[in-house]
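# Geometric and topological summary
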Amino acid sequence: MFTFMDAARVKPARSKNPPSEVDRLSSLPDCLILQIFLNLPTKDVIQTSGLSTRWTTLWKDVPGLDLDAEDFYIRETFVIFVDNFLERKHGLFIHRFKLKYDSFYFEEPAGLINGWVDTAARLKVEHLDVSDSFSEWDPMMNPTVLYTCSNLVSLRLVGMGLPNPERVSLPSLKTLVLILIEFTNKWALENLISKCPVLENFCFERSYDDGIPILRVHSKSLLTFMHDAGYHEDCDEEDRFISDDRTSSFIIKSPPSVVEADIDTVFNLTSERSLGIANEVQKREMVRDFLVGISNVKDMSISSSALEVKYDYSRYVQLPVFRNLYTLCVRFDSYMWEMLPVFLEVCLNLITLVVGTSENPKMVDLTVIARPWNLLSSLEYVDIERPLKGEALEMTLVGYLLENSPNLKKLSLSLHDSLKKGESVHKLTLSLDDAPKKEESDIFIELLNFPRLSSSCQIIVR
């Protein structure tokens with residue numbers, strides 16, 4: 001295992017370059033080198049001290065820290081290293097302060113971490129990222145200065161508790177990421193967000209007992225909202241992401257100009273509780289308001305479970321029109337693609353459709369509305385990512401898209417390995433004038449025989 005104390009004593013490596021060669025890296029000014037170092041983990045920065053005598057101590061001047069306690073043999077060494085960094089920066093500003101640790105291995109971790117964060121806040125830290133990987137309990141993050149740090153631009157906290165501080169003022173905070181956080185007061189989060197006047201990005205990955213029975217997000221500046229009741233590691237996509245199978249109600253009021261949306265919620269509905277039940281009228285109204293709230297998006301990704309809620313809703317109430325939706329990606333976890341036409345008909349200007357799949361597809365029974373489908377006049381590009389096996393439901397989807405899209409230019413798809421003959425299939429374009437060949441498989445013949453409403457449409461087989 002790498003130890004920082006050893007790395008700091010690494011002897012500079014002798015240059016193997018001929019004297020005539022110019023060492024452009026060493027000729028860079030310190031300010032530029034420090035900017036490069038600032039974007040690297042501290043472990044990697046220290047290792048560069050062996051590359052040049054000039055860099056032997058330069059790493060100490062980096063205005064940021066990015067440490068993982070797992071990189072230390074002895075936890076006390078980790079503590080000493082953080083203490084020394086903050087001591088060296090006394091009276092200065094720091095740009096970034098990032099720590100990852102497991103509180104199980106530390107005595108009184110709450111006091112230790114709060115002290116470090118409090119010091120970082122007094123040093124006007126701009127980007128703060130603190131992650132506790134121990135999941136059994138949540139040490140309270142309660143540094144007195146953090147919630148009034150005027151320079152803080154981004155804040156990411158993982159696996160800890162947050163209080164409801166009396167005074168909050170974060171005038172520069174633009175990005176807030178809270179993952180598996182426990183709140184001591186049900187109003188703590190709402191109070192925190194309301195005191196961030198320029199907040200643009202908010203990611204909230206919830207735990208089952210986070211102490212927030214009702215989540216209210218009031219922000220006039222918010223551009224990105226990601227709500228996830230599952231367990232995803234990354235919360236940095238620039239979109240509106242909602243993933244939740246437990247929350248029964250989502251209300252979007254006066255939404256900003258939403259560009260992208262990633263929807264994966266079933267509003268706590270189950271197969272036994274559909275929108276058709278008489279006492280679910282209120283639920284239908286809530287689904288309607290939610291759909292209207294996201295109806296202006298330009299780029300949408302939706303799970304099949306969320307699409308099923310829309311499909312169920314369409315049985316009783318007309319879906320709102322998505323006039324601005326140009327790109328749609330549907331992730332199917334079963335052969336429920338038959339729900340797709342219902343939604344496509346209200347996407348009047350859709351140009352690109354991506355039909356994806358989840359990692360664990362399953363078979364389900366679904367009663368489909370029998371009716372003639374309208375033309376998909378705006379659709380130009382379709383990409384079916386799931387490898388086709390030539391099954392009837394799959395081919396029906398291909399046929400539906402070809403027969404109802406008068407302006408379709410390209411339909412891309414891939415074949416399952418079982419249908420490929422050795423190395424003969426890499427990329428094949430099937431045009432309307434092609435005639436089936438004897439050596440081609442049945443799926444190629446079927447693709448060529450499908451009626452196409454667009455005379456210029458090409459089928460690209462990957």
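Okay, so let's go over this structure. Throughout this description, residue numbers start from 1 for each chain and increase along the sequence as written. Thresholds applied to this predicted model are a pLDDT of at least 70 for local features of residues and 80 or more for the giving and counting of side-chain atom pairs; totals over whole chains, interfaces and linings are not thresholded and use all residues. Computation of side-chain values: all heavy atoms of the structure, hydrogens and water removed.

### Observations concerning the pattern of salt bridges
Counted only if it meets this: A carboxyl oxygen of Asp or Glu within 4 Å of a side-chain nitrogen of Lys or Arg is what we treat as a salt bridge. Labels follow the DSSP assignment, with helices taken as runs of H or I lasting at least four residues and strands as runs of E lasting at least two, numbered in each case from the N terminus. Remark: exposure states derive from per-residue accessible area (1.4 Å probe, protein chains only) relative to the maximum for the residue type, with buried under 20%, exposed over 50%, and partly exposed in between.
Tallied over the full model, the rule gives 8 salt bridges. Of the charged contacts in the structure, one is a salt bridge between Arg156 and Asp129, with a shortest N-O distance of 3.3 Å. Here Arg156 is found in strand β4 (residues 154-158), whereas its partner Asp129 is found in strand β3 (residues 127-132), with 27 residues between them in sequence. According to the relative accessible area criterion, Asp129 is buried, its value standing at 13%. The salt bridge involving Asp262 is made with Arg331; its shortest N-O contact spans 3.3 Å. On the criterion of sequence distance, the pair formed by Asp262 in strand β11 (residues 260-265) and Arg331 in strand β13 (residues 327-334) is long-range, its members being 69 residues apart. Relative accessible area serves as the criterion here: at 10%, Asp262 is assigned to the buried category. Classification of Arg331 by relative accessible area gives partly exposed; the value is 25%.

### Considering the packing of helix α4 (residues 75-88) against helix α5 (residues 109-122)
Selection rule: To obtain an axis, a line is fitted to C-alpha atoms, over the contacting stretch when the element is a helix, and the angle between two such axes runs from 0 to 180 degrees between their N-to-C directions. The cut-offs work like this: below 35 degrees is roughly parallel, past 145 is roughly antiparallel, 65 to 115 is roughly perpendicular, and the gaps in between are oblique. Crossing handedness is defined as follows: a turn of the near helix away from the far one that is anticlockwise and smaller than a right angle gives a left-handed crossing, while the clockwise case is right-handed. Pairs of residues are marked as contacts when any of their non-hydrogen atoms sit within 4.5 Å. Under the convention adopted here, Pro, Cys and the residues Ala, Val, Leu, Ile, Met, Phe, Trp and Tyr are nonpolar, Asp, Glu, Lys and Arg are charged, and Gly plus all remaining residues are polar.
Where α4 meets α5, the closest approach of the two axes is 11 Å, and the angle between their N-to-C directions is 20 degrees. By the criterion of interaxial angle, the relationship of α4 to α5 is roughly parallel. In the packing of α4 onto α5, the handedness of the crossing is left-handed. Along the contact surface, α4 presents Phe78, Val79, Val82, Asp83 and Leu86, while α5 presents Leu112, Trp116 and Thr119. Split by residue class, the contact of α4 with α5 holds 6 nonpolar, 1 polar and 1 charged.

### Remarks on the pairing of strand β16 (residues 410-415)
Formally: Should DSSP find at least two bridges between two strands, the strands are taken to pair. Seen with its strands pointing away from the viewer, a crossover is right-handed if its path from the first strand over the helix to the second goes clockwise.
The buried fraction of β16 is high, at 5 of 6 residues. Examined bridge by bridge, strand β15 (residues 381-388) and β16 share 5 bridges and lie parallel to one another. Residue pairing for β16: Ile384 is matched across the bridge by Leu413. Of the crossover connections in this fold, the one passing from β15 over helix α10 (residues 392-403) to the parallel β16 is right-handed. Relative to strand β18 (residues 458-461), β16 runs parallel, the two being bridged by 4 bridges. When the sheet's bridge partners are listed, Ser412 is paired in β18 with Ile460.

None of this, on its own, says anything about what the molecule does.
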